[in-house]
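The primary structure of each chain is shown beneath.
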Amino acid sequence: MTSKIKIVVTDLDGTLLPSKGKISQRNYNTLVNLKNKKVIRAIATGRSLYSALAVLSEDFPIDYLIFSSGAGIMKWDTKELIYAQQIDADEVMDLSKILMDHEIDFMILDPIPLNHQFYYHQTGHKNLDFDRRLALYKQFANPIGNWEDTRRDACQILAILPNKVDWFEELKSKFTDIKIIRATSPLDHESIWMEIFPEHISKGHGCQWLCNTLKINASESLVIGNDYNDIDLLDWGKYSFVVANAPAELKLKYQVTESVSQDGFSLAVDSINTKNSTSQPAADRYL
């Protein structure tokens, strides 16, 4: 890795962490080696802080954790929260009205750092993925009695939809001045999770905030992801990769590395080390 790269940002699930698996020794070693080369290492995940801490050891070799799709950032060595955003109660109420009017199942996640706790609205329609997430977090979940009960500050709103992109896009069009992020369910790997955040929130924005703080330019970054909620991250980074297990449409747009199970993260990092040693123009490196 040359001095041209000063920060490496990776998604977690499906990129660094295989489904029902663990982070490979090679990828772990790559993160350790990046520190030796004075490269900042960050994970950018859609997981809440609670969920991320459940799968990352206290001494995991990163410098920053960007969680909840960019709504929060933790300095990893001290576990200090250095950035947190939320949706104000009145806006949460307005957003909830739209979802209720369209008979959508959704969850209102508490402000950071307690955003593993939530209130939920359930229509009664069949929604197995919603049921699955509700069961996983049963001890942290409370039902919404009526619309007035939705007036509460929130980190985000999570609506769980069937795998119908047209339906997602139609529902998305009902919202203005708010950030809508599409993610594939990490539970059934099929349903669409509509993540609703303040307008400026995304993994890419979280990276930009962090780089501004660290006085690093986006042109000095390498990023890697695997899903639709990584698009803002991938568009932000200078060298952007997706793993081979990413959706086909993302693989048409970004440089492709090997799959998560074949150490695609490490191979992407190594490939930029090789490419930076040449004098090719940056655009040619993707041909």
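Cut-offs used in this document
- Residues numbered from 1 in each chain as written.
- Predicted model: local features only at pLDDT ≥ 70, side-chain atom pairs only at ≥ 80, totals over all residues.
- Heavy atoms only, no water.
- Pairing = 2+ DSSP bridges.
- Helix = DSSP H or I, 4+ residues; strand = E, 2+ residues; numbered from the N terminus.
- Axes fitted to C-alpha atoms, helices over the stretch in contact; angles between N-to-C directions.
- Buried < 20%, exposed > 50% of the residue type's maximum accessible area, 1.4 Å probe, protein only.
- Salt bridge = Lys/Arg side-chain N within 4 Å of Asp/Glu carboxyl O.
- 1 Å grid on protein atoms, 1.4 Å probe; cavity = no way out; pocket = protein on both sides within 12 Å on 5 of 7 lines; lining within 4 Å.
- Points joined across faces, edges and corners; volume = space filled by probe spheres on them.
- Nonpolar A, V, L, I, M, F, W, Y, C, P; charged D, E, K, R; others polar.

Below, the discussion takes up the sheet that holds strand β5 (residues 80–84). Read from one edge of the open sheet, 8 strands run β5-β4-β3-β2-β1-β12-β13-β14, paired in mixed fashion. Strands with a single pairing partner mark the edges of an open sheet, and in this sheet they are β5 and β14 (255–256). Here 4 bridges tie strand β1 (residues 7–10) to strand β12 (residues 221–225), and the two strands are oriented parallel to one another. Following the sheet pairing, Ile7 is matched in β12 by Ser221.

As a further point, take the sheet that holds strand β6 (residues 106–109). Two strands in a sheet stick together by hydrogen bonds in their backbones, pointing the same way (parallel) or opposite ways (antiparallel). Across the sheet, which stays open at both edges, the 6 strands sit in the order β8-β7-β6-β9-β11-β10 with mixed pairing between neighbours. Edge strands, defined here as strands with exactly one partner in the open sheet, are β8 (141–143) and β10 (179–184). Along the sheet, successive strands turn relative to each other by an average axial angle of 25°, direction set aside. Of the pairings in the sheet, the one linking β10 to strand β11 (residues 192–197) comprises 6 bridges and is antiparallel in character. Residue pairing in the sheet places Arg182 in a bridge with Met194 of β11.

Side chains Phe106 and Ile108 of β6 all project onto a buried face; the interleaved residues Met107 and Leu109 project onto the opposite face, where all are buried too. Sheet topology places β6 next to strand β7 (residues 118–121); 4 bridges connect them, and they run antiparallel. Each residue of the ladder has a partner; that of Phe106, found in β7, is His121. Where β6 meets strand β9 (residues 156–161), 4 bridges bridge the pair, whose relative direction is antiparallel. By the bridge assignment, Met107 is partnered in β9 with Leu158.

The subject of this paragraph is the pattern of salt bridges. Counted by the stated rule, this structure contains 12 salt bridges. The salt bridge involving Lys203 is made with Asp11; its shortest N-O contact spans 3.0 Å. Pair noted here: Lys203 is in helix α6 (residues 203–214) and Asp11 is in the loop between β1 and α1 (25–36), with a separation of 192 residues, a long-range link. For Asp11, a relative accessible area of 4% translates into the label buried. One salt bridge in this structure joins Asp129 and Arg132, with 3.3 Å as the shortest N-O distance. Of this pair, Asp129 and Arg132 both sit in helix α4 (residues 128–136), 3 residues apart, roughly one helical turn.

Time to look at the layout of surface pockets. The computed volume of the largest pocket comes to approximately 1100 Å³. As for the largest pocket, its lining consists of 40 residues, and the residues nearest its centre are Asp13, Thr184, Ser185, Pro186 and Leu187. If you list the elements that add at least two residues to the lining of the largest pocket, you get α2 (49–53), α4, β9, β10 and β11. A total of 3 residues in the lining of the largest pocket trace back to one element, the largest contributor, which is α4. Looking at the lining of the largest pocket residue by residue, the classes come out as 16 nonpolar, 16 polar and 8 charged. The computed volume of the second largest pocket comes to approximately 260 Å³.

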